[in-house]
Amino acid sequence: MHPAPSVILFSTLSGAGFGLFVFLGLMPVPPVGWAAFVFFAVAYALSVAGLLSATFHLKNKKNAWKSYREWRTSWLSREAWAAVFALLTMAVYAIALIFFGVHLAPVGWLGAILSLATVFTTAMIYTQLRAVPRWNQTATPLMFLTFSLAGGAMLSGFVTVAAAFLLAAGGVLLWHWWKGDRRFAEAGTTIQSATRLHDRVTLFEKPHTGDNYLTREMVFRVARKHAVKLRVIAFVLAVVFPLILLLLPMSHALAAVAILSHLAGVLTTRWLFFAEAEHVVGLYYGAHLGKQARAA
Amino acid sequence: MNQPIVDLHPKTGDEVRKTTCYMCACRCGIDVHIKHTPDGDKVAYIEGNRDHPVNRGVLCAKGSAGIMQHNAPSRLRSPMKRTGPRGSGEFEPISWDEAYAIAESWLRPIRETDPSKLAFFTGRDQSQSFTSWWAQAFGTPNYAAHGGFCSVNMAAGGIYTMGGAFWEFGQPDWDRTRMFVLFGVAEDHDSNPIKMGIGKVKANGGRIVGVNPVRSGYNAVADDWFGVTPGTDGLLILSLVHCLLKAGKIDLPYLRDFTDAPVLIDARPGETHGLPLKDDDGHPLVWCRKEGRPRCFDAADVDPDLNGAWDQDGVTHRTVMHHMAHKYLDARYAPEAVADRVGIPAARIRAFAAEIARVAFDEAFLLDVEWTDFRGRTRKTMQGRPVSFHAMRGISAHANGFQTCRALHVLQILLGSVEAPGGFRFKPPYPKPATAHPKPHCKVTPGAPLDGPHLGFVHGPDDLCLRDDGSPARIDKAFSWDNPMSAHGMMHMVISNAHAGDPYRIDTLFLYMANMAWNSSMNTSGTMRMLSDTNEDGSYVIPHIIYSDAYSSEMVAYADLILPDTTYLERHDCISMLDRPICEAEAAADGIRWPVVQPDRDVKGFQTAMIELGARLGLPGMVNDDGGQKYADYADYIQRHERRPNVGPLMGFRGNGDATGRGAPNPNQIEEYKKNGGFALAHIPLEAQFFKPWNRAYQDWAVDLALYDKPQPYIFTLWCEPLAKFRLAAEGYGDRQPPDHLRHRIRTHFDPLPIWWDPTADHDGGGAFTINALTQRPMAMYHSWGTQNAWLRQIHGRNPMYLPTEIWTRHGFAEDDWARITSPHGEITVPVAHMPALNGNTIWTWNAIGKRKGAWALHDDAPEANKGFLLNHLIHELMPPKKDGMRWSNSDPITGQAAWFDLKVAIEKVPAPADGRTRPDTGRQASPVGQGPEVVAWKV
Amino acid sequence: MTALPASTQKKLGLVIDLDTCVGCHACVTACKGWNTQNYGAPLSDRNAYGDAEGTFLNRIHAYQSQPDQGLARTTHFPKSCLHCDDAPCVTVCPTGASYKRAEDGIVLVNEDACMGCGLCAWACPYGAREVDEVAGIMKKCTLCVDRIYNENIPEIDRQPACVRTCPAGARHFGDLADPASDISILVAERGGVDLMPEQGTKPVNKYLPPRPRDTIGAAQMSDDEDILAPFLAPVAEEPAGFLGWLDRSLERL
Ligand SMILES: Nc1nc2c(c(=O)[nH]1)N[C@H]1C(S)=C(S)[C@@H](COP(=O)(O)OP(=O)(O)OC[C@H]3O[C@@H](n4cnc5c(=O)[nH]c(N)nc54)[C@H](O)[C@@H]3O)O[C@H]1N2
Ligand SMILES: Nc1nc2c(c(=O)[nH]1)N[C@H]1C(S)=C(S)[C@@H](COP(=O)(O)OP(=O)(O)OC[C@H]3O[C@@H](n4cnc5c(=O)[nH]c(N)nc54)[C@H](O)[C@@H]3O)O[C@H]1N2
Ligand code: SF4
Ligand code: SF4
Ligand code: SF4
Ligand code: SF4
Ligand code: SF4
Ligand SMILES: [Mo]
């Protein structure tokens, strides 16, 4: 799949933002006043910036509000609802903390659940797509959730918890990669099932000379060597490096570096999440055929 | 929740106007849906006319995209005069008056002194009966359309053998055929009918066989594919003939009654050797089995003996059948002997022959239709032979194509499947034997018309177009000893001959609808140089070039004066019985085009412009007695012109509107055509629908319709007499003698029975070039002119060179690789792609995709001008030099058909060019029409 | 509208004959022409006279297949929306723009509601949806819903533009829910198949696979009994023998 910058940015930033909300909502003793303001500002900045950037890839923004209609079936719609509810709930909670120094714990818990739900719905948008086997696996929502929580924990300063979630996220990420590399074959969609032709099937001619929406959007190919290198970089930046930093004596500067490294790493994983995802439609355009021929 | 409300009943348009498509020569009927808008009438949608005989409602990709052709930004806007050097594309717009004045200033002096200094050649012309009439009136012998480089082998091979050809002049009996065999067809002129036919044969459970080096398109849906080596079909066909003869699987009554198989061939040594014996009236003689004596073939009670022999004065004259048996039963035509050469295992050739035999004779059937033949014998039934063939340029565009086409017709005739139910049938005005066609004329008289039609069929050396000194009378050397039977002229030689001043110099080259500076020339870069080459004094070697195009093509840039044509929806045309009509095997049909919308530019229908120009020049037939212009425009000509009394361009609605075929001119004729859907139909009665050359009912019907003036039954000629006559001349008989350097070639190649030779042998550069290279037409593109169509060009915007697995692996090619491809005379550097379903020693690409930068109103990033390419750069109009330094035209020695497909190349893997662009680069031309818009998204 | 109807009264769809499709692209431009002038926004082309990229609802791919033994083949492969029964493109749509009609099963995009997020195109395994970059909305085959019921066009023409134009007769339209319909019978007779059945979309459109190829001479190649051989049993090996046979045969005529 074509790694659209807006979507990558969205899932990374909003993931961290909603993760931060989770911790803010669950803290037994949350900050109040200015301290609270800073924390919530960061959380809102990340999540709202993420949401806004997501609308960039809408081709017809004036109808964006209609995306609230189909929550019964559409994960994208549910995400929209979840995000709004989470942000609103958290607003009540935040206002109470910032301006009144009041800790409305149940509201915080609700906000935390809604924030997690938002991350989950985001993940499910991808997970549900059978046409993209790499995404269509249990590890996808787990990965989104663990990364969100790891980011949130780091941002909220829970070092140990952060370390634990980083470890978890790292594990899930490896699982996602490992499983992801097998998902296309497991899904069973081949050029033969796509065309119902037999023998060694290859593309003779594309339907059109130039690109089209599909080839640009869904038939993105990332070189394998490239991908391996990026996976290492992503893993180090998102998991290993922050973990090491967290184990060192804490300082604000170090924490900032850890968080930035983590976010950069997550961005890279998300880039790979898209770039490595093979949409089955690629088969019709001759993509993945080399791979299938080798496997056969 | 409620579903949204969808408008289920939008109006397609405010009005339907029915006319004829012109995105190719198939000429399908179209329903043009027009919307009335404040800016005038606009074309909203084009679909097929369900009543039309050609397409029955369907359209091809080009036809359906006609709206984008009509609205193309490349449309020329007004007459233009060249301002920059030739090839630069720099022009200034001028008025029609000025344009006519310029043309007149060049043409009038020529006509008065030497009309042959005008070479008027028309390319994809659908008004040849008009343009040839114009050229005849002008008086130049130098007129032809593009047939000579297109498929004259097919046309001439068919007409000389059986009085009709495939091309678009005949078709299988689609409803009854059980086996349909295509040789060398990618798309052809009859594009929709062939596709409809293939669908029909499949739906009926019949078998389709494709003989073609490439398995795409029709050959992809063929049930069986024979990936023949290019140029060897003749050998394959004669091997099938060998098998069928050996097994006696031939239609004896058919051969006896309807062909020259029983005709006796003169066995006396000397000047008549090898000619059919004839009676005093010139009728061929057969041996009558009943009476045991030679008799005229068409005697009412004659019983022709296929194995007859007439002992006369110590020699024995034998039948054509006898000669064929001796020739084709020879072991050199056995499948085992030809298999390697044709690239198909002997067992498959044999099985192919067996399946043909099985279907022709085991699935034979009788139609319960009574008919009477030309000898007056009434038959109760019609013998069906459900095997049909079709062939096109794959066999005709080789230098052995005439003989190969004839071989195929011989095969059909042996099976008795021509004009038989289930077989191949002619469409009116065919059948029409070569002898019923005019002969070529070339007598030039200053200030006067030519002595007769330019093109035609020669029957021996006496009919050649030679000057008194024996040199060619025509600029293209058609009908000369070089290519004696060049029935369609040789357009591919005009520019190089005019440039070389051989056989003489001309003054004005006048072209219409032919992209001669690009895809319709061999040796494209060379042709571009010849068109712009100058003498020492700086003047152009070809002094004047006039060109009529509708679009900003590559050729436009090389002309001095441009006469801009309209698009096909903006003008009158007739698809005439005098020319290439749109008949079906069961009906005669012709049609019109008419301006369904008015042009918004200062352009004129070319024919109308020619009528005006002709009148200015005072050409006979184009002016009244008072010297005034006779026809207001082409529409007026179509309705009022008479070729013979009561016979004009259109057959329908003559007289008072109720006469078909013959009748006085009708001033409402075009209106009547419009009302009738743009065409006229005359059905052939059932008893006249088959065996037409011999069928009295058909002959009478054809006379009624004015196809000819008296019945003209004839027999098929397996033995081609004109070839025998040329061969005799080459042997020294007769007073018109070929030049010595051509004697051997004529002696060996002009065999009256089909033979095969390797046409590519002279192209291999002594073994350096061994791979066959071909082009195919893409179904969704028409030559160069599909490229300006925003929809079609997205389908075929670039063309890789397709390589078979053998070559692909031998050279270690991988996806996205490039290759340098060389021929004895040029090289190209192009992207390659792998195609397994391809003859192992053949490479190919799509035809005419590559474009010159600046042409067709395209932007510079158009893939056609960067990634696309022409194979033509590798094909020369002359063969590589002979030992004596002679360079013969790269053409069939008999008909002059351009041998596009004899090309041999070498291939070598090269790194992809850094700029990702194909070579050669032919530079850029300025666009006199600007460039097309960025975004196209409109509703009418 | 994003919930799929529990069932539809009809299942209108196309049956595409891969045995007959010659790959002419007629259905492509007929579709483009009709749908540019009708249903919703025109199908745009960007850089139309340069390195062009346009919206099409129907595209023809071509594949080659190489068996281990025997000749390679080429197959033209038209593809447009398959109007799936279990259409993932519909359920993912957040705005309700994508829906499947309860009466005939046609899957449509309500352009007034579409926000151009592209998710439905991601969900479709077949590549049957394309965002029109100029209009900013999702485009897909409408099954010519504005032709097949259209009372402003003659009854005989109330079929999809692509079907009406297909010269080879490789496209068929009808109700696949009705086992007695012509196209259901065709599917049954020719063994029509679903594309990517494992994707669980339950496409309504069916594809008729190419028939066996290259059977002439196959017997000789595989040493099976050659049923065609009798048709070439020689009457003579030599011209003289042939001419003798000719005499005898003419006698019998
Ligand atoms: N869409 C479309 N239709 C057209 C045209 C067009 O440009 N586009 N052009 C029109 C014109 S002007 C013409 S002349 C006709 C031509 O119609 P076709 O004759 O169909 O033209 P080509 O594409 O040249 O096809 C040549 C075919 O012969 C095959 N071939 C080449 N050499 C051999 C050989 O030695 N043996 C055999 N058996 N096959 C061989 C090639 O692989 C190819 O399939 O099409 C007309 N129709
Ligand atoms: N390599 C290779 N080359 C080939 C062939 C091949 O098989 N292989 N085939 C050859 C054959 S058979 C042919 S017929 C030629 C075809 O080649 P051309 O005859 O050159 O055909 P087009 O490219 O269609 O060019 C015709 C010109 O007519 C113009 N035109 C289009 N519509 C109109 C109109 O309404 N009025 C006027 N006045 N002009 C119009 C177009 O703009 C174009 O410039 O190509 C030949 N070239
Ligand atoms: S075959 Fe196509 S382009 Fe040619 S006349 Fe028919 S519809 Fe037009
Ligand atoms: S083919 Fe694709 S777009 Fe059409 S209904 Fe099925 S999933 Fe949806
Ligand atoms: S692009 Fe339009 S139709 Fe598709 S999912 Fe988004 S809103 Fe729905
Ligand atoms: S049914 Fe209509 S919209 Fe669908 S592919 Fe055919 S022509 Fe296009
Ligand atoms: S119109 Fe028919 S034959 Fe042509 S590509 Fe479409 S389905 Fe195939
Ligand atoms: Mo041609």
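Conventions adopted
- Residues numbered from 1 in each chain as written.
- Chains lettered and ligands numbered in written order.
- Predicted model: local features only at pLDDT ≥ 70, side-chain atom pairs only at ≥ 80, totals over all residues.
- Heavy atoms only, no water.
- Patch = residues over 30% accessible without salt bridge, like charges linked within 9 Å, V, L, I, M, F, W, Y side chains within 5 Å.
- Areas by Shrake-Rupley, 256 points an atom, 1.4 Å probe, with all protein chains shown as cover.
- Salt bridge = Lys/Arg side-chain N within 4 Å of Asp/Glu carboxyl O.
- Helix = DSSP H or I, 4+ residues; strand = E, 2+ residues; numbered from the N terminus.
- Buried < 20%, exposed > 50% of the residue type's maximum accessible area, 1.4 Å probe, protein only.
- Contact = heavy atoms within 4.5 Å.
- Pairing = 2+ DSSP bridges.
- Axes fitted to C-alpha atoms, helices over the stretch in contact; angles between N-to-C directions.
- Disulfide = S-S within 2.5 Å.
- Domains from an automatic or database assignment.
- Buried area = accessible area lost by both parts, 1.4 Å probe.

Draft legend 1. Focus on a nonpolar patch on the surface. All names here are of chain A. A cluster of nonpolar residues, Val228, Val232, Val236, Val240, Phe241, Ile244, Leu248 and Val257, forms a patch on the protein surface that exposes about 600 Å² of accessible area. Here the element with the most residues in the nonpolar patch is helix 9 (residues 224–247); it accounts for 6 residues. As for its placement among the helices and strands, Val236 is situated in helix 9.

Draft legend 2. Up close: the side chain of B:Lys477. Residue and element names in this part refer to chain B. Along the polypeptide, Lys477 turns up in the loop between strand 22 (424–426) and helix 16 (494–500). Given the relative accessible area of 15%, Lys477 is considered buried. Every residue in contact with Lys477, bar those within four places of it in the chain, is listed here: Pro472, Asp482, Met490, Asn497, Asp502 and Pro503.

Draft legend 3. Highlighting the sheet that holds strand 10 (residues 171–175) of chain C. All names here are of chain C. Taken in spatial order, the 3 strands make up an open sheet running 10-1-11, and their pairing is mixed. The sheet is open, and its two edges are formed by strand 10 and strand 11 (206–208), each paired on a single side. In this sheet, adjacent strand axes meet at a mean angle of 25 degrees when their direction is disregarded. As defined by bridge partners, strand 1 (residues 12–17) adjoins strand 11 across 3 bridges and the pair is classed as parallel. If you follow Ile16 over to strand 11, its bridge partner there is Tyr207.

Draft legend 4. Local environment of the state of the cysteines. All names here are of chain B. Tallied over the entire structure, the rule returns 0 disulfides over all chains. Among the cysteines around Cys442, which has no disulfide bond, Cys465 carries the closest sulfur, lying 3.9 Å off. Overall, the relative accessible area of 19% leaves Cys442 in the buried class.

Draft legend 5. View of the domain arrangement of chain A. Residues and elements named next belong to chain A. Domain parsing of chain A yields domain 1 (1–128) and domain 2 (132–296). One C-alpha centre belongs to domain 1, the other to domain 2; they are set 23 Å apart. Across the boundary between the two partners, domain 1 contributes 29 residues, which contact 32 residues of domain 2. Here domain 1 packs against domain 2, burying approximately 2,700 Å² in sum over the two surfaces, 79% of which is carbon and sulfur.

Draft legend 6. Molecular detail of the sheet that holds strand 4 (residues 59–66) of chain C. Taken together, 3 strands build an open sheet; the order of strands is 1(A)-4(C)-5(C) and the sheet is antiparallel. The open sheet has two edge strands with one neighbour each: strand 1 (200–205) of chain A together with strand 5 (73–79) of chain C. Within this sheet the neighbouring strands show an average axis-to-axis angle of 35 degrees, counted without direction. Pairing of strand 4 of chain C with strand 5 of chain C, which is carried by 7 bridges, proceeds in the antiparallel orientation. In the strand pairing of strand 5 of chain C, C:Ala62 is matched with C:His76.

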